[in-house]
Amino acid sequence: MKITILDASCYLKGLMLLIRKDRKITDTENLLLMRIGKSLGFDREFCENTIKDILNNKYVEDSPPVFSNKELAEKFIKDGLAVVFSDNNIHPEEENWLIAVAEKNGIDKAAYLEYKNKYSGIDTMLAKLEVEDLIVSQ
């Protein structure tokens, strides 16, 4: 699926905002975000710095991203769940934020819960991520 640079930026930023919801970034979350950033074509150093600074950056607006289409939003929700379940625990703030993203993008709660059930028991470090099917176009 082809996406714009703006959608790619929203995707990465949204996942960065998600990982700060529980006020800690685990090693697995860090590795997954680096993998996602690379898939979206972002510079390694940029991703490292953003991950390092996201917890304390109060200037980043914390609103749920709105994507150009519902299919991309569904991919984002699935990858978001993969990231939050990477530490085998979903924090209530992480879940509330993902639900808000779903609502903003026209994804109903039943679909969200279906995705959640799918990702709650998998090894997300080994799983194929949705972002790996995206192609960022100029």
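To start, this report covers the structure provided alongside it.

How each quantity is defined
- Note that residues are indexed from 1 along each chain, following the sequence as it is written.
- Reporting in this predicted model follows two pLDDT cut-offs: at least 70 for local features of residues, and 80 or more for side-chain atom pairs to be given and counted; totals over whole chains, interfaces and linings ignore these cut-offs and use all residues.
- Each side-chain value is worked out from all heavy atoms of the structure, with water and hydrogens disregarded.
- Numbering goes from the N terminus for both helices and strands, where a helix is a DSSP run of H or I of at least four residues and a strand is a run of E of at least two.
- Burial classes follow relative accessibility: with a 1.4 Å probe on protein chains only, a residue under 20% of its type's maximum area counts as buried, one over 50% as exposed, and anything between as partly exposed.
- Only heavy atoms matter for contacts: two residues are in contact if any of them lie within 4.5 Å across the pair.
- Planes of paired rings set the category: under 30 degrees apart is stacked, over 60 is edge-to-face and the rest tilted, where pairs are Phe, Tyr or Trp rings (Trp by its six-membered ring) whose centres lie within 6.5 Å.
- Salt bridge criterion: a side-chain nitrogen from Lys or Arg within 4 Å of a carboxyl oxygen from Asp or Glu.
- Among buried residues, the Ala, Val, Leu, Ile, Met, Phe, Trp, Tyr and Cys ones that are joined through side-chain atoms within 4.5 Å form a nonpolar core.

1. Quick look at the environment of Ser39
Item 1. As for its position among the elements, Ser39 is in helix H2 (residues 27–39).
Item 2. Taking relative accessible area as the criterion, Ser39 reaches 28% and is therefore assigned partly exposed.
Item 3. Apart from residues no more than four positions distant in its own chain, Ser39 is found in contact with Val131 and Glu132.

2. Considering the packing of aromatic side chains
Item 1. Applying the stated criterion across every chain yields a total of five aromatic pairs.
Item 2. Between the aromatic rings of Tyr11 and Phe76, the centroid separation amounts to 5.3 Å while the plane-to-plane angle is 90°, which identifies the pairing as edge-to-face. Linking Tyr11 in helix H1 (residues 5–19) with Phe76 in helix H4 (residues 70–84), this pair joins segments that are 65 residues apart in sequence.
Item 3. When its relative accessible area of 0% is taken as the criterion, Tyr11 is described as buried.
Item 4. With a relative accessible area of 0%, Phe76 lands in the buried category.
Item 5. Three or more aromatic residues joined by ring pairs make a cluster, and in this case those are Tyr11, Phe67, Phe76 and Trp97.

3. Focus: the pattern of salt bridges
Item 1. Applying the stated rule across the entire model yields eight salt bridges.
Item 2. Where Lys128 meets Asp133, a salt bridge forms, and the shortest distance between an N and an O atom there is 2.4 Å.
Item 3. You can call Lys128 exposed: its relative accessible area is 52%.
Item 4. Take Asp133: its relative accessible area is 36%, and that puts it in the partly exposed class.
Item 5. Three or more residues joined by partner-sharing salt bridges are found here, namely Arg20, Lys21 and Asp62.

4. Examining the nonpolar core
Item 1. The biggest cluster of nonpolar side chains holds 41 residues, and the ones touching the most others in it are Tyr11, Ile36, Leu40, Phe76, Ile77 and Leu81.
Item 2. Within the residue set of this core, elements represented by two or more residues are H1, H2, helix H3 (44–53), H4, helix H5 (92–104) and helix H6 (109–119).
Item 3. When residues no more than four places from it in sequence are discounted, the contact partners of Tyr11 are Ile36, Leu40, Phe67, Leu72, Lys75, Phe76, Asp79, Glu130, Val131 and Leu134.

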